[in-house]
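Topology and contacts: notes
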Amino acid sequence: MRVVVAGASGLIGTALVRHLADAGHDVRRLVRRAPRGGAEIGWDPVAGTIDSDALATADAVVDLAGVNVGSRPLTAARKREVVASRVQTAGLLARTMAARDDGPRVLLQASGIGAYGDRGDALLTEDEPLGRTFFADVVRRWEDATAPASEAGVRVAHLRTGIVLSPHGGALGRLLLPLRAGVATRLGDGRQYWSWITLPDEVAAITHLLTAPVHGPANLVTRADRHAVLLDALRRAFGGRVTVPVPAAALRVGLGDFSSEVLGSIRADPRALRESGFVPQHATPDEAARWVRTARPPAA
């Protein structure tokens, strides 16, 4: 397939591009500077411009673009940036694909399980209503931006990704440094559900959805475990000796609104993936933790 990827320089995008290329697919990256060679396509989501003719030769588009939510404090200005970086990119791609009869007929649009909000122990399939938190509103607007494509007959799947486990960044970054020193840091009381997936399984799931007939939201998670259970698996894999609790109150002060992402409980069920035939490589917390411990840095 010829696949166009937006957000190709991020943690997931970098791994996805490498995986698709290794599998023999023709991968084109969307870039905001002048394109360098045929593997890049120029666009400017803020200005609403894109090389539509170059996009027309593709079979599918994977949109992973959006500023990192956890990299800076969520001030009012940063929240506007978080929303704009997602809605602008998704909307531009959806409108462009809808306007062309000869364009790609598959759009895999990044999204997140923050869609559901803090739901305690409830098991959440893709049919669950969206929550009313800031992050749920981001997802609502993000997914709504793809409406022009779906209305034009493009198959749109919303990739509601959970916590992506990787030794090279992402959500585990703040936990791995103390783990490598033998200390596991439990966030809050540890009873909140974390819906997780390893980076290789995230990439494999996206690749699977390029051809699997899934429409609408798909929870890109392997399973949900209580934070303390997942942390214990990581502690064992890294040979950690002690577990140090970090009080919820301290996290709320230090992380602000982002604290809801680590303290909130989202028990997402990957029903759409499971029913479409996807089988993860790392199916248990111990398998995932061992992979995180032994994975090698990607080749340059």
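These lines cover the structure that appears in this document, whether it is placed above or below. Please read these numbers as outputs of a predicted model, since none were measured by experiment. (Residues numbered from 1 in each chain as written. Predicted model: local features only at pLDDT ≥ 70, side-chain atom pairs only at ≥ 80, totals over all residues. Heavy atoms only, no water.)

1. Focus: the sheet that holds strand S1 (residues 2-6)
Spatially, eight strands are ordered S4-S3-S2-S1-S5-S6-S8-S12 in an open sheet, and the strand pairing comes out mixed. Only two strands of the sheet have a single neighbouring strand rather than two, namely strand S4 (49-50) and strand S12 (216-220). As paired elements, strand S5 (residues 60-63) and strand S6 (residues 106-112) share four bridges and run parallel to each other. Looking at S6, one finds that Val-62 is bridged to Leu-108. With respect to the sheet, helix H4 (residues 134-144) is in contact with S6 and strand S8 (155-161), its orientation differing from that of S6 by roughly 170 degrees. (Pairing = 2+ DSSP bridges. Helix = DSSP H or I, 4+ residues; strand = E, 2+ residues; numbered from the N terminus. Contact = heavy atoms within 4.5 Å. Axes fitted to C-alpha atoms, helices over the stretch in contact; angles between N-to-C directions.)

2. Describing the nonpolar core
Counting residues in hydrophobic clusters, the biggest one holds 67 residues, and the most contacted among them are Val-62, Leu-108, Ile-206 and Leu-209. Excluding anything up to four places from it in sequence, Leu-209 contacts Leu-108, Arg-155, Leu-159, Val-214, Ala-218, Leu-220 and Leu-273. Counting residues in each nonpolar core, the second largest holds 18 residues, with Ile-41, Ile-50, Ala-58 and Val-156 among its members. (Core = buried A, V, L, I, M, F, W, Y, C linked by side-chain atoms within 4.5 Å. Buried < 20%, exposed > 50% of the residue type's maximum accessible area, 1.4 Å probe, protein only.)

3. Overview of the packing of helix H1 (residues 11-22) against helix H7 (residues 199-209)
Look at H1 against H7: their axes get within 9 Å of each other, and the N-to-C directions meet at 60 degrees. One finds that H1 runs oblique with respect to H7. When you trace H1 past H7, the crossing you get is right-handed. Mapping the contact onto sequence places Leu-11, Ile-12, Ala-15, Leu-16, His-19 and Leu-20 in H1 and Leu-199, Glu-202, Val-203, Ile-206 and Thr-207 in H7. Residues belonging to the contact of H1 with H7 are distributed by class as follows: eight nonpolar, two polar and one charged. (Parallel < 35°, antiparallel > 145°, perpendicular 65-115°, else oblique. Left-handed = near helix turned anticlockwise from the far one by under 90°. Nonpolar A, V, L, I, M, F, W, Y, C, P; charged D, E, K, R; others polar.)

4. Examining the packing of aromatic side chains
Applying the stated criterion to the full structure yields one aromatic pair. Seen in terms of ring centroids, Phe-134 and Phe-135 are 5.2 Å apart; in terms of plane orientation they differ by 65 degrees. Their pairing is edge-to-face. In this structure Phe-134 comes out as partly exposed when scored by relative accessible area, which is 22%. Above the face of the Phe-134 ring, Lys-79 is positioned so that its terminal group lies 5.1 Å from the ring centre. Against the face of Phe-238 rests Arg-293, its NZ or CZ located 5.6 Å from the ring centre. (Phe/Tyr/Trp six-rings, centres within 6.5 Å; stacked < 30°, edge-to-face > 60°. Lys NZ or Arg CZ within 6 Å of the ring centre and 35° of its normal.)

5. Here's the deal with the packing of helix H6 (residues 173-180) against helix H8 (residues 227-238)
The geometry of H6 relative to H8 is characterised by a closest axis approach of 10 Å and an angle of 40 degrees between their N-to-C directions. Judged on the interaxial angle alone, H8 and H6 are oblique. The two elements H6 and H8 cross, and the hand of that crossing is right-handed. Side by side, H6 and H8 meet where Leu-175, Leu-176, Leu-179 and Arg-180 of the first sit next to His-227, Leu-234, Arg-235 and Phe-238 of the second. A per-class count over the contact of H6 with H8 returns five nonpolar, one polar and two charged.

6. Some words on H4
Along H4, the positions that sit buried rather than exposed are Phe-135, Ala-136, Val-138, Val-139, Trp-142 and Glu-143. Each buried residue of H4 sits inside an arc of 155 degrees when the element is viewed along its axis, so together they form one side. Close packing links the buried residues of H4 with helix H3 (76-98), S6, helix H5 (147-151), S8 and helix H10 (259-263). (Arc of directions from axis to C-beta.)

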